[in-house]
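Report on the structure
Residue-level listing of the chains:
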Amino acid sequence: MTETELRVSKIEDGTVIDHVPGGQALNVLAILGIDGTGGEEVSVGMNVPSGQLGRKDIVKVEGRELSQEEVDVLSLIAPRATINIVRDYEVVEKLRVERPDRVVGVLSCPNANCITTGDEPIESTFDVLDDGVRCAYCDTIVREDIAALIEV
Ligand code: CTP
Ligand code: ZN
């Protein structure tokens, strides 16, 4: 048993998002729309030692199984995450994140003149590139710190 497991206890039913880059756990929660006010039961480990990544974050959400779409959006900040579906304390499925072609309603465009950020905002849409994301409306490309664009 590793340090991680000692620190964050096992869950009964839900999802364990493992191998998240160190420091990205709160962005994972933002993508999942979890801010605590919904009463979700969540455990978070941040910057815990991991052989594979040096340091990793781990997020455990009790009572919720993620959709493939949610999982794929996580690829923007956690490309090597492992999604473990847990039922009755056992991991019954492991999903890999895959980069989606586009993400809708997830990121806000940094261009103040973009139609998606106007007074009557329309839903943001970004095409996912190999090295970043591009607004489908104004073509603004963002390569660094995509997490800062996550809508909350
Ligand atoms: N886990 C949990 N609650 C459970 C079962 C598993 O929180 N009831 C967590 C484990 O602590 C681990 C992750 O889910 O962080 C994956 O569990 P498991 O597949 O058993 O571990 P590993 O084989 O080490 O996973 P991997 O190979 O993906 O690193
Ligand atoms: Zn835009």
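Residues numbered from 1 in each chain as written. Chains lettered and ligands numbered in written order. Predicted model: local features only at pLDDT ≥ 70, side-chain atom pairs only at ≥ 80, totals over all residues. Heavy atoms only, no water.

1. A word on unusual backbone geometry
Here is the rule we go by: Helix and strand labels come from DSSP, where a helix needs a run of H or I of at least four residues and a strand needs a run of E of at least two; each type is numbered from the N terminus.
Even without a glycine there, the phi angle at Asn47 is positive, about 50°. Tracing the chain through its elements places Asn47 in strand E2 (residues 42-50). The phi angle at Tyr89 is positive, at roughly 70°, despite the residue not being glycine. If you trace the backbone, Tyr89 turns up in the loop between strand E4 (82-87) and strand E5 (90-96).

2. What to know about the site of ligand 1
Going by this rule: Proximity is defined per residue: if any heavy atom of the residue lies within 4 Å of a molecule or strand, that residue is considered near it. Polar contacts, as counted here, are pairs of nitrogen or oxygen atoms within 3.5 Å of one another; within protein the pair requires one atom able to donate a hydrogen and one able to accept it, and residues that are adjacent in sequence qualify only if both atoms are side-chain atoms.
Around ligand 1, the surrounding shell holds 14 residues, and the nearest of these are Ile11, His19, Lys60, Tyr89 and Lys94. Here an oxygen atom of ligand 1 sits 3.4 Å away from a polar atom, N or O, in the side chain of Asp18. Here an oxygen atom of ligand 1 sits 3.4 Å away from a polar atom, N or O, in the side chain of His19.

3. Brief notes about the nonpolar core
We apply this condition: Put simply, buried Ala, Val, Leu, Ile, Met, Phe, Trp, Tyr and Cys residues joined by side-chain atoms within 4.5 Å make one nonpolar core. A 1.4 Å probe rolled over the protein chains alone gives each residue an accessible area, and that area as a share of the maximum for its type sets the label: buried under 20%, exposed over 50%, partly exposed in between. Domain borders in the structure are assigned automatically or taken from a domain database. Contacts between residues were defined by any pair of non-hydrogen atoms, one from each residue, lying within 4.5 Å.
With 37 residues, the main nonpolar core has Ile17, Val28, Leu74, Ile83, Val103, Leu107 and Val133 as its most contacted residues. Taken together, the elements giving at least two residues each to this core come down to strand E1 (14-21), helix H2 (25-31), strand E3 (54-62), helix H3 (68-74), E4, strand E7 (125-129) and strand E8 (132-135). With five residues, the single largest contributor to this core is H2. Summarising the domain contributions, this core has at least three residues from each of domain 1 (14-96) and domain 2 (102-149). If we skip the residues at most four places from it in the chain, Val103 touches Val73, Leu76, Ser124, Thr125, Phe126 and Val128. By size, the runner-up hydrophobic cluster in this structure holds five residues, among which are Val8, Ile11, Val16 and Val86.

4. Details of the sheet that holds E4
Think of a sheet as strands paired side by side through backbone hydrogen bonds, with each pair either parallel or antiparallel. To keep it simple, the criterion reads: Think of it this way: DSSP has to see at least two bridges between two strands before they count as a pair. Whenever a helix is involved, its axis is fitted only over the stretch in contact; in every case the axis is a line through C-alpha atoms, and angles between N-to-C directions fall within 0 to 180 degrees.
With respect to topology, five strands assemble into an open sheet ordered E2-E3-E1-E4-E5, the strand pairing being antiparallel. The open sheet has two edge strands with one neighbour each: E2 and E5. Each neighbouring strand pair of the sheet contributes to a mean axis angle of 20°, computed without reference to strand direction. In this sheet, E3 lies alongside E1 in antiparallel orientation, the contact comprising six bridges. Among the inter-strand pairings, Thr15 is bridged to a residue of E3, identified as Val61.

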